[in-house]
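Overview (structure and organization)
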Amino acid sequence: QVQLVESGGGLVQAGGSLRLSCAASGRTFSSYAMGWFRQAPGKEREFVAGITWSGDSTYYADSVKGRFTISRDNAKNTVYLQMNSLKPEDTAIYYCATRYYSSSSSSPDEYNYWGQGTQVTVSS
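Residues numbered from 1 in each chain as written. Predicted model: local features only at pLDDT ≥ 70, side-chain atom pairs only at ≥ 80, totals over all residues. Heavy atoms only, no water.

1. Some thoughts on the nonpolar core
The biggest cluster of nonpolar side chains holds 33 residues, and the ones touching the most others in it are Trp36, Leu81, Met83 and Tyr94. Among the secondary structure elements, those contributing two or more residues to this core are β3 (18-25), β4 (34-39), β5 (46-51), β7 (68-73), β8 (78-83), β9 (92-98) and β11 (118-123). (Core = buried A, V, L, I, M, F, W, Y, C linked by side-chain atoms within 4.5 Å. Buried < 20%, exposed > 50% of the residue type's maximum accessible area, 1.4 Å probe, protein only. Helix = DSSP H or I, 4+ residues; strand = E, 2+ residues; numbered from the N terminus.)

Right, here's the structure in full:
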C-alpha cells in the first residue's frame with residue numbers, strides 16, 4: 001500500500017507563488033514516476049506536471065509551462081510543485097499521484113495511487 005499526503009495549498013493573489021509538497025510512504029518511492037494533477041469545479045481532472053523516477057525528465061501541461069516546476073527528493077520521499085505567476089484559472093484541488101513505472105504519463109488512468117488533494121485558490 002502507498003500513502004501520499006499533499007500540503008502547501010492555500011489562498012494567494014494573482015501573480016503570487018505557492019509550493020506544494022507530496023510526501024510518500026509505503027514502498028520504494030525512488031523507483032517510480034510521480035505526477036501532479038488538478039481538478040477545478042465542474043471540470044475533469046487534468047495533468048499538470050510529471051517527473052520520472054530519477055528526476056532527469058520532467059513534463060508539463062502547456063497551460064503551466066514556464067510557470068510551474070516539478071522536482072523530487074528521493075532521500076525525503078517527497079515530490080514538489082513550485083507554482084509561480086499564479087492565475088485565477090489555476091484555482092483547483094491539486095493531487096499528487098504515483099504509478100508502477102519509472103516513466104511519466106499525462107493520463108490519470110495510468111496512475112495507481114492518489115493523495116487526498118490540497119486546495120489552491122488564486123484571487124484576482
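2. Observations concerning the environment of Ser105
Residue placement: Ser105 occurs in the loop between β9 and β10 (113-114). Judged by its relative accessible area of 10%, Ser105 is buried. In this structure, the C-alpha to C-alpha distance between Ser105 and Ala49, residues 56 residues apart in sequence, is 9.1 Å. What Ser105 contacts, discounting residues up to four positions off in sequence, is Phe37, Phe47, Arg99, Glu110 and Tyr111. Polar side-chain contacts of Ser105 include one of 2.8 Å to the side chain of Glu110. (Contact = heavy atoms within 4.5 Å. Polar contact = N/O pair within 3.5 Å; in protein donor to acceptor, adjacent residues only side chain to side chain.)

3. Thoughts on the sheet that holds strand β1 (residues 3-7)
With respect to topology, four strands assemble into an open sheet ordered β1-β3-β8-β7, the strand pairing being antiparallel. Of all the strands in the sheet, just β1 and β7 have a single pairing partner and so form its edges. Sheet twist, expressed as the average angle between the axes of neighbouring strands with direction ignored, equals 15°. (Pairing = 2+ DSSP bridges. Axes fitted to C-alpha atoms, helices over the stretch in contact; angles between N-to-C directions.)

4. Describing the environment of Pro41
With respect to the secondary-structure elements, Pro41 resides in the loop between β4 and β5. For Pro41, a relative accessible area of 76% gives the class exposed. In the structure, Pro41 is positioned 50 residues away from Thr91 in sequence and 9.1 Å away in space, judged by C-alpha atoms.

5. Comments concerning the pairing of β4
In terms of residue burial, β4 counts as a mostly covered element, since five of its six residues are buried. The sheet contact formed by β4 and β5 spans five bridges and is antiparallel. Bridging from a neighbouring strand, Arg38 pairs with Glu46 of β5. The antiparallel pairing of β4 with β5 creates a hairpin that spans six residues between the two strands, and Gly42 there sits at a positive phi of about 75°. Relative to β9, β4 runs antiparallel, the two being bridged by six bridges. In the strand pairing of β9, Phe37 is matched with Tyr95.

6. Comments concerning the packing of aromatic side chains
Within this structure, the stated rule accounts for seven aromatic pairs. With 5.7 Å between their ring centres and 75° between their planes, Phe37 and Phe47 make a pair best called edge-to-face. In this pair, Phe37 sits in strand β4 while Phe47 sits in strand β5, placing the two residues ten residues apart along the sequence. Exposure class is identical for Phe37 and Phe47. Each is buried. When the ring of Tyr95 is compared with that of Trp114, the centres are 6.4 Å apart and the planes differ by 80°; the resulting orientation is edge-to-face. Separated by 19 residues along the polypeptide, Tyr95 in strand β9 and Trp114 in strand β10 bring together distant segments of the chain. Ring pairs connect the aromatic residues Phe37, Phe47, Tyr95, Tyr111 and Trp114, which therefore count as one cluster. (Phe/Tyr/Trp six-rings, centres within 6.5 Å; stacked < 30°, edge-to-face > 60°.)

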